[in-house]
Amino acid sequence: MKVDPKQVEEACKELYIRALKMLPPDIKEGFKQLDSRESDATGKAILGTMIRNITVAEDTNNLLCQDTGIPIYNVTIGTNVAVDGYALKQAIIKGCERATKEHPLRSSVVHPTTRKNEHTSCGRQVPVINIDFVPDADTLAIEMIPKGSGSENNSWLKMAIPAEGIDAIKTFVIDCVLEAGGKSCPPVIVGVGVGGTADLCVHLSKVAATRPLGSQCEDPEGAKLEAELSKVVNQLGVGAQGLGGDSTAFAVHVETAATHITMNPVAVNMQCHSARRARATFTPKGVGYGY
Amino acid sequence: MAHYELNMPVSEEQVRKLRINDTVTLQQTLYGIRDATQIHMFDHGRKTRFDLKGHAVIHTAPNVKWVGETKEHPSGYAPICIGTTTSSRMERFTRPLMEQYGVRIVIGKGGLLAASAKAFSDLGGVYLAIIGGTAALETTWIEQIEEVDLDDLNPESLWKFRIKGFGPLLVAMDAHGGSLYTAVNASAKDKRAGVLAALGVKP
């Protein structure tokens with residue numbers, strides 16, 4: 001299958017806008033589950049408002065949250081796909097810029113030291129573009145994530161050591177949830193990266209934070225750890241918006257990678273309750289949109 | 001727990017009446033302010049032409065559309081999506097906002113810290129929690145962007161919104177030292193040891 005960069009540009013524009021307006025079904029289901037278990041009156045009222053906001057956004061065709069985030073595009077290329085990689089990257093950037101100017105959207109992206117905003121949602125190395133490859137598929141998939149800053153500002157890396165064991169990982173995750181409090185816009189998805197190098201560990205925490213609710217870590221050890229952490233995290237009582245109750249997190253997600261004999265790294269990245277993502281899938285039949 | 005309808009601006013006496021867990025709905029006027037706005041006002045010596053005395057500011061940088069100045073859009077901007085951001089980044093600006101401009105109410109998410117709590121006590125102010133990430137709903141409480149100042153900082157300009165029924169918002173920090181965040185954070189820290197024990201972490 002040959003992919004036309006012009007089609008990619010259109011899709012990347014559409015994806016940014018769709019992601020900002022429509023929450024994925026798994027997150028809506030996550031809200032229902034938290035709401036059914038919430039015992040605190042303030043927590044219950046806050047969840048009710050969040051759920052209402054999802055409907056208002058759909059009814060008024062508006063953005064769920066004012067924060068348009070830092071745009072991230074995750075591209076997965078199947079074996080039988082023929083695409084000019086450089087043209088693909090340029091098309092993604094162009095699509096992101098067009099969404100910002102044509103909708104219009106607030107450009108939340110500035111130069112890190114001059115703080116100059118180009119009003120394109122783009123800048124040096126932004127949008128973030130991750131590219132991966134899958135076997136056999138005759139498809140190219142692009143996932144778009146507008147990552148909000150309230151949650152992204154709550155990101156941590158600890159280069160723990162082997163002698164500290166898995167206890168260091170568990171303790172670090174709980175301490176990060178406490179440190180984040182209401183700042184990361186809970187209920188959150190707590191993304192945990194375990195292993196790898198420092199940069200890979202942080203990347204894994206973002207993959208974990210942005211994974212659909214209900215999905216599991218492919219590594220059985222990671223799956224075991226995320227189940228354990230998910231079970232207890234809401235006992236902390238941080239609650240929705242950090243105002244108390246049972247709805248601190250939808251879930252804790254873990255992603256793992258092999259690491260060095262001397263290392264035991266753990267990273268945490270939070271995803272806020274506006275856990276937005278959208279997906280376009282290119283097949284020989286055309287482009288389809290989903291989550 | 002009481003509910004108050006406040007027509008902005010308000011007096012010190014009105015603000016000191018509010019207690020944590022009360023709810024408030026604002027009417028008429030609300031100002032939008034953000035990191036860059038306050039960095040420029042308090043670190044770079046810039047001034048605003050707006051009179052913020054007795055007013056409420058919300059930590060925000062909205063999505064807007066330039067439509068040109070009309071009767072319906074006197075600032076030239078139409079609102080698209082207006083919500084809030086994490087307040088604690090702007091902690092150090094609470095006191096100067098109150099002392100230099102007479103601001104009485106700060107609105108945002110996630111709460112402010114000890115220095116702001118002190119400023120609220122000393123000078124008569126409150127922090128109202130609005131729910132982060134529910135901007136589609138909050139936008140329906142905004143009638144118009146009346147005016148804009150310091151617009152070279154766009155989207156972190158100083159915005160003057162005309163509002164209708166902006167709330168209910170929760171009084172999360174009051175002028176008597178009360179803070180829901182301090183109480184929740186202390187209680188969560190108390191639960192840390194129990195949660196770690198449940199995870200099999202050795203003390």
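For clarity, every value in this text was computed on a predicted model and none was experimentally measured. (Residues numbered from 1 in each chain as written. Chains lettered and ligands numbered in written order. Predicted model: local features only at pLDDT ≥ 70, side-chain atom pairs only at ≥ 80, totals over all residues. Heavy atoms only, no water.)

A. Here's a closer look at empty space enclosed by the protein. This model, assessed by the stated rule, comprises five cavities of 30 Å³ or more. Taken as a whole, the largest cavity holds about 140 Å³ of empty space. Taken together, 19 residues line the largest cavity, and the ones lying closest to its centre are C65(A), D67(A), S149(A), G150(A) and K109(B). Taken together, the residues that form the lining of the largest cavity break down as three nonpolar, eleven polar and five charged. (1 Å grid on protein atoms, 1.4 Å probe; cavity = no way out; pocket = protein on both sides within 12 Å on 5 of 7 lines; lining within 4 Å. Points joined across faces, edges and corners; volume = space filled by probe spheres on them. Nonpolar A, V, L, I, M, F, W, Y, C, P; charged D, E, K, R; others polar.)

B. The arrangement of the side chain of N117(A) in detail. By the element assignment, N117(A) lies in the loop between α4 (85-102) and β2 (128-134). Within the structure, the side chain of N117(A) is placed 2.8 Å from the backbone oxygen of S107(A), a separation counted as a polar contact. There is a polar contact of 2.7 Å between the side chain of N117(A) and the backbone nitrogen of H119(A). The residues touching N117(A), leaving out its near neighbours within four places in the chain, are S107(A), V109(A), V110(A) and P155(B). (Helix = DSSP H or I, 4+ residues; strand = E, 2+ residues; numbered from the N terminus. Polar contact = N/O pair within 3.5 Å; in protein donor to acceptor, adjacent residues only side chain to side chain. Contact = heavy atoms within 4.5 Å.)

C. Examining unusual backbone geometry more closely. Residue and element names in this part refer to chain A. Omega for the peptide link from H103 to P104 comes to -10°, which places this bond in the cis form. Topologically, P104 is positioned in the loop between α4 and β2. In this structure, R115 is a non-glycine residue whose phi angle is positive, near 65°. Tracing the backbone through its elements, the reader meets R115 in the loop between α4 and β2. Its relative accessible area of 55% is what places R115 among the exposed residues. Positive phi is not limited to glycine here, since H119 has a value of about 60°. Looking at the secondary structure, you find H119 in the loop between α4 and β2. (Buried < 20%, exposed > 50% of the residue type's maximum accessible area, 1.4 Å probe, protein only.)

D. Expanded view of the packing of aromatic side chains. All names here are of chain B. Enumeration according to the criterion identifies eight aromatic pairs over all chains in this entry. Consider the rings of F42 and F93, whose centres lie 5.9 Å apart with planes at 25°: the pair is stacked. Of the two residues, F42 is situated in helix α2 (residues 35-42) and F93 in the loop between β5 (77-81) and α3 (94-101); the sequence distance between them amounts to 51 residues. Here the two residues F42 and F93 agree in accessibility, since each one is buried. Here the aromatic rings of Y127 and Y181 are separated by 6.0 Å at their centres, their planes lie at 70°, and the arrangement is edge-to-face. Of this pair, Y127 sits in strand β7 (residues 126-129) while Y181 sits in helix α6 (residues 180-198), and the two are 54 residues apart along the sequence. Residue Y127 is classed as buried on the basis of its relative accessible area, which comes to 0%. (Phe/Tyr/Trp six-rings, centres within 6.5 Å; stacked < 30°, edge-to-face > 60°.)

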